[in-house]
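Listed below, chain by chain, are the residues.
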Amino acid sequence: MSKKKFYVVWNGRKKGIYTSWNVCKKQVDGFEAAQYKSFASLDEAEIAFSKKYENYKGKTISKPTLSASEKAAIGSPNLESISVDAACSGNPGKMEYRGVLTHNKKQLFLKGPYPNGTNNIGEFLALVHGIALLKSKNKESIPIYSDSRTAMSWVKQKKCKTNLHFDASNEDLLVLIKRAENWLKENTFKNPILKWETKAWGEIPADFGRK
């Protein structure tokens, strides 16, 4: 099975980060002066998208492997936790998100697909959904894993800082975002929000497994 990749389009029909080569190809195929590149992780793609294409043009993006000592320093994930993730067929595109038990991947919730969403929005909503679910069950000591630093930052700021345009096609998604933001402002929680270390542990258990 091939590794999941993330495709950054700096210049194309629609700029953004894509989780499917077929969708990425539609943005750049035949587009004059298209700028795009694939990355091994969402973190790397998000960092690249925030920078200029020239920083990556013609360069081979190495896929560093962790040494035994580095893996030992990171340790192992806490299996008594839940993991969340999102998938998006385009950016924007059809977006869905879910949460699972980390130790056995049993699905706790699945929402979507929502039209004209983004992966970051899905990651944010998944985190808030997971936090609210655990609070409702009085399980505020259970950690939640996410592989998106952006979503973790948005939760910390209690704000989904997307620049996505909303209209009648994705109005329902805007309602969900506002509801999540209001929940964060009106509630407190104690659950640790932890970064899933993909390089050490592989794909997050909530991953949708799509190319």
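Look up a bit, the structure's there.
Cut-offs applied
Residues numbered from 1 in each chain as written. Predicted model: local features only at pLDDT ≥ 70, side-chain atom pairs only at ≥ 80, totals over all residues. Heavy atoms only, no water. Pairing = 2+ DSSP bridges. Helix = DSSP H or I, 4+ residues; strand = E, 2+ residues; numbered from the N terminus. Axes fitted to C-alpha atoms, helices over the stretch in contact; angles between N-to-C directions. Contact = heavy atoms within 4.5 Å. Phe/Tyr/Trp six-rings, centres within 6.5 Å; stacked < 30°, edge-to-face > 60°. Lys NZ or Arg CZ within 6 Å of the ring centre and 35° of its normal. Expected span 1.5 Å × (residues − 1). Buried < 20%, exposed > 50% of the residue type's maximum accessible area, 1.4 Å probe, protein only. Salt bridge = Lys/Arg side-chain N within 4 Å of Asp/Glu carboxyl O. Core = buried A, V, L, I, M, F, W, Y, C linked by side-chain atoms within 4.5 Å. Parallel < 35°, antiparallel > 145°, perpendicular 65-115°, else oblique. Left-handed = near helix turned anticlockwise from the far one by under 90°. Nonpolar A, V, L, I, M, F, W, Y, C, P; charged D, E, K, R; others polar.

Enquirer: How should I be thinking about the sheet that holds strand S3 (residues 35-39) in this particular structure?
Expert: What holds strands together in a sheet is hydrogen bonding between their backbones, with the strands either parallel or antiparallel. Within the open sheet, the 3 strands sit side by side as S2-S1-S3. Their pairing is antiparallel. The outermost strands of the open sheet, each flanked by one partner alone, are strand S2 (16-18) and S3. Adjacent strand axes in the sheet meet at a mean angle of 20° when their direction is disregarded. Here strand S1 (residues 6-11) runs beside S2; their pairing, made up of 3 bridges, is antiparallel. Residue pairing in the sheet places Val8 in a bridge with Ile17 of S2. In the packing of helix H1 (residues 21-28) onto the sheet, contacts are made with S1, S2 and S3, and the angle to S1 comes to roughly 10°. Sitting on the sheet, helix H2 (residues 42-49) is in contact with S1, S2 and S3, with an inclination near 5° to S1.

Enquirer: Before we go on, may I ask you to explain the sheet that holds strand S7 (residues 144-146) in this structure?
Expert: The strand order across the open sheet built from 5 strands is S6-S5-S4-S7-S8, with neighbouring strands paired in mixed fashion. A single partner strand is all that each edge strand has here, and the edge strands are strand S6 (107-117) and strand S8 (193-195). Taken over all neighbouring pairs, the strand axes of this sheet differ in orientation by 25° on average, direction set aside. The sheet contact formed by S7 and S8 spans 3 bridges and is parallel. Pairing of Ser146 across the sheet is with Lys195, part of S8. Across the face of the sheet, helix H4 (residues 119-136) comes into contact with strand S4 (82-90), strand S5 (93-101), S6, S7 and S8 while running at roughly 155° to S4.

Enquirer: Quick question: what am I supposed to make of the packing of aromatic side chains here?
Expert: Given two aromatic rings, one states the distance between the centres and the angle between the planes to describe the pair. A full pass over the atoms with the stated rule returns 11 aromatic pairs. In textbook terms, an aromatic cluster arises when at least three aromatic residues are bridged by ring pairs, as seen for Trp10, Phe39, Tyr53 and Tyr56. Taking NZ or CZ as reference, Arg98 lies 5.0 Å from the ring centre of Phe208, over its face.

Enquirer: Quick question: what am I supposed to make of H4 here?
Expert: Residues spaced three or four apart along an α-helix face the same direction, because each turn holds 3.6 residues. Counted at 1.5 Å a residue, the expected span for H4 with its 18 residues is 26 Å, and the 26 Å between its end C-alpha atoms agrees. Looking at H4, one finds that the buried residues are Asn119, Ile121, Gly122, Glu123, Phe124, Leu125, Ala126, Leu127, Val128, Gly130, Ile131 and Leu134. Immediately beyond the C-terminal end of H4, within one or two residues, lies Asn138, with a positive phi of roughly 55°.

Enquirer: Even after reading the chapter, I still don't get the pattern of salt bridges, so can you show me in this structure?
Expert: Pairing between side chains becomes possible if they bear opposite charge and their charged atoms approach one another. Counted by the stated rule, this structure contains 6 salt bridges. Of the charged contacts, one joins Lys195 and Asp43 as a salt bridge, the two residues approaching to 3.2 Å between their closest N and O atoms. Of this pair, Lys195 sits in strand S8 while Asp43 sits in helix H2, and the two are 152 residues apart along the sequence. Summarising the burial analysis for this pair, Lys195 and Asp43 share the class buried.

Enquirer: Whenever I open this one, the nonpolar core confuses me. Can you help?
Expert: Nonpolar side chains in soluble globular proteins tend to end up buried together. Membership of the largest hydrophobic core comes to 29 residues, with the highest contact counts inside it found for Met95, Tyr97, Ile121, Phe124, Leu125 and Leu173. Going through the elements one at a time, S4, S5, S6, H4, helix H5 (149-157) and helix H6 (171-186) are the ones with two or more residues in this core. Top element by residues in this core is H4. It accounts for 8 residues. Residue contacts for Phe124: discarding those within four places in its chain leaves Ala151, Trp154, Val155, Lys159, Cys160, Ala180, Glu181 and Leu184. The next biggest cluster of nonpolar side chains, apart from the first, holds 10 residues, and it includes Phe6, Val8, Ala48 and Tyr53.

Enquirer: Sorry if this is basic, but what is going on with the packing of H4 against H6 here?
Expert: Contact pair H4 / H6: the axes reach a minimum separation of 10 Å and the direction vectors enclose 45°. In this view, H4 runs oblique relative to H6, as classed from their interaxial angle. The handedness of the crossing between H4 and H6 is left-handed. Across the interface between the two elements, Ile121, Phe124, Leu125, Val128, Ile131, Ala132 and Lys135 from H4 touch Leu173, Leu176, Ile177, Ala180, Glu181, Trp183 and Leu184 from H6. Of the residues belonging to the contact of H4 with H6, the class tally is 12 nonpolar, no polar and 2 charged.

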